Amino acid sequence: MSARKTDEMASAAPRPNQRPELAALDDGTVARALTRMHLIRKFEEAAEASYMRGLIHGTMHLSIGQEASAVGTTLPLEAHDYILSTHRGHGHCIARGAEPKLMFAEFFGKETGYCKGRGGSMHIADVEGGNLGANGIVGGGLPIAVGVGMSIKAQKNGRVCMVFFGDGASNEGAFHEALNMASIWKLPVVFVCENNKYGMSMDISRAMAVANVADRAAAYAMPGHSLDGNDLAGVAAVAREAIARARAGEGPSLIECKTYRWRGHSKSDRNLYRTKEEIEEWRAQDPIRRLEDELKAHDRFDATTLMKLEEDAQSDIDAAVEFARACPDPDPKDLTRDVYAL
């Protein structure tokens, strides 16, 4: 989409009879959000296909079905803010503005990847873009976020750190320690739990004594929000409030986005713990199609415009894969470059 077209859409007045959360997003913002959701979905579909063709080695953790959570929470962030991601973090990276071609280069182990091919799927970082990195350790980003929050507060630079984690991580000690410290010191941190119902193969209802992860916020004197994580506009509205609170020096918030991963925990997951009926029920709540249907219902976008956004995203992903495949492999003599040890 051209910059001129985006500007024209952004200047359009919100249509009446919409819920406030959607009306608050101008057409330019919605187009940007929908494009990023498409990019995430198509990036992961292409990554999965590349894995099956032997172009990617190791494993990966896909977030197909969770796009509204990643895009909605990051949408109100400013360019100088930070995020910390998880092992299921491709969506967070793209939502924050990462280039798919450099992500694929990283996946393919190429020298031009974000981490020069050393990080792979689970350890992508783009410090210049505000992405301080994904983390293969469950809940590993939580204590790091506290450190980032302390740095922001000491420097008084007005930034915010948003940290993602899954429902399984909310049972880790690091979760409770991080929330407690962040609240005591009123750090500018927004904690985002993507509750996709399963910690690997464990249903969260069997692993947690409270009904919602957000219920635990009360123990640490911070706001807790439990919401439909497949509702882009609703997620963005809650994130905007939490980010504003953090930036104003009022301390952290806990956001729980209830969503669902359509694929297994990882590529080695045979999905034997879930029924086909459950998966199909959640597929029917596809966050991308839900947003498109709502936009069409309010005459904000027509079917042709929506199709063009999706087609453009697919073209970008196709080009990104070809770019990555043509990139050079790392030189073996540089094996220890950028490796640090005490």
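Residues numbered from 1 in each chain as written. Predicted model: local features only at pLDDT ≥ 70, side-chain atom pairs only at ≥ 80, totals over all residues. Heavy atoms only, no water.

**A word on a nonpolar patch on the surface**
- A contiguous nonpolar patch, built from Met-150, Met-181, Ile-184 and Trp-185 and spanning about 400 Å² of accessible area, is present on the exposed surface.
- Considering the arrangement of structural elements, one finds Ile-184 in helix 8 (residues 173-184).
- What makes Ile-184 exposed here is its relative accessible area of 57%. (Patch = residues over 30% accessible without salt bridge, like charges linked within 9 Å, V, L, I, M, F, W, Y side chains within 5 Å. Areas by Shrake-Rupley, 256 points an atom, 1.4 Å probe, with all protein chains shown as cover. Salt bridge = Lys/Arg side-chain N within 4 Å of Asp/Glu carboxyl O. Helix = DSSP H or I, 4+ residues; strand = E, 2+ residues; numbered from the N terminus. Buried < 20%, exposed > 50% of the residue type's maximum accessible area, 1.4 Å probe, protein only.)

**Let's talk about the layout of surface pockets**
- One number sums up the size of the largest pocket: a volume of about 350 Å³.
- What lines the largest pocket is a set of 25 residues, among which His-87, Val-138, Gly-166, Gly-168 and Ala-169 lie closest to the centre.
- For the lining of the largest pocket, the elements supplying multiple residues, two or more each, are strand 2 (161-166) and strand 4 (198-199).
- When residues of the lining of the largest pocket are assigned to their parent elements, the largest contribution, three residues, is made by strand 2.
- A breakdown of the residues in the lining of the largest pocket according to their chemical character gives seven nonpolar, 14 polar and four charged. (1 Å grid on protein atoms, 1.4 Å probe; cavity = no way out; pocket = protein on both sides within 12 Å on 5 of 7 lines; lining within 4 Å. Points joined across faces, edges and corners; volume = space filled by probe spheres on them. Nonpolar A, V, L, I, M, F, W, Y, C, P; charged D, E, K, R; others polar.)

**Some details on the pattern of salt bridges**
- Using the criterion set out here, one finds 24 salt bridges in the structure.
- Note that Asp-81 and Arg-247 form a salt bridge whose closest N and O atoms lie 2.7 Å from each other. Here the residue Asp-81 occupies a position in the loop between helix 4 (67-74) and strand 1 (82-84), and Arg-247 occupies one in helix 9 (residues 232-247), the gap between them amounting to 166 residues.
- The salt bridge involving Arg-118 is made with Glu-111; its shortest N-O contact spans 3.6 Å.
- You can call Glu-111 partly exposed: its relative accessible area is 23%.
- Because the salt bridges share partners, they merge into one network encompassing Glu-111, Arg-118, Asp-331, Lys-333, Asp-334 and Arg-337.

In short, shape yes, function no, at least from these values alone.
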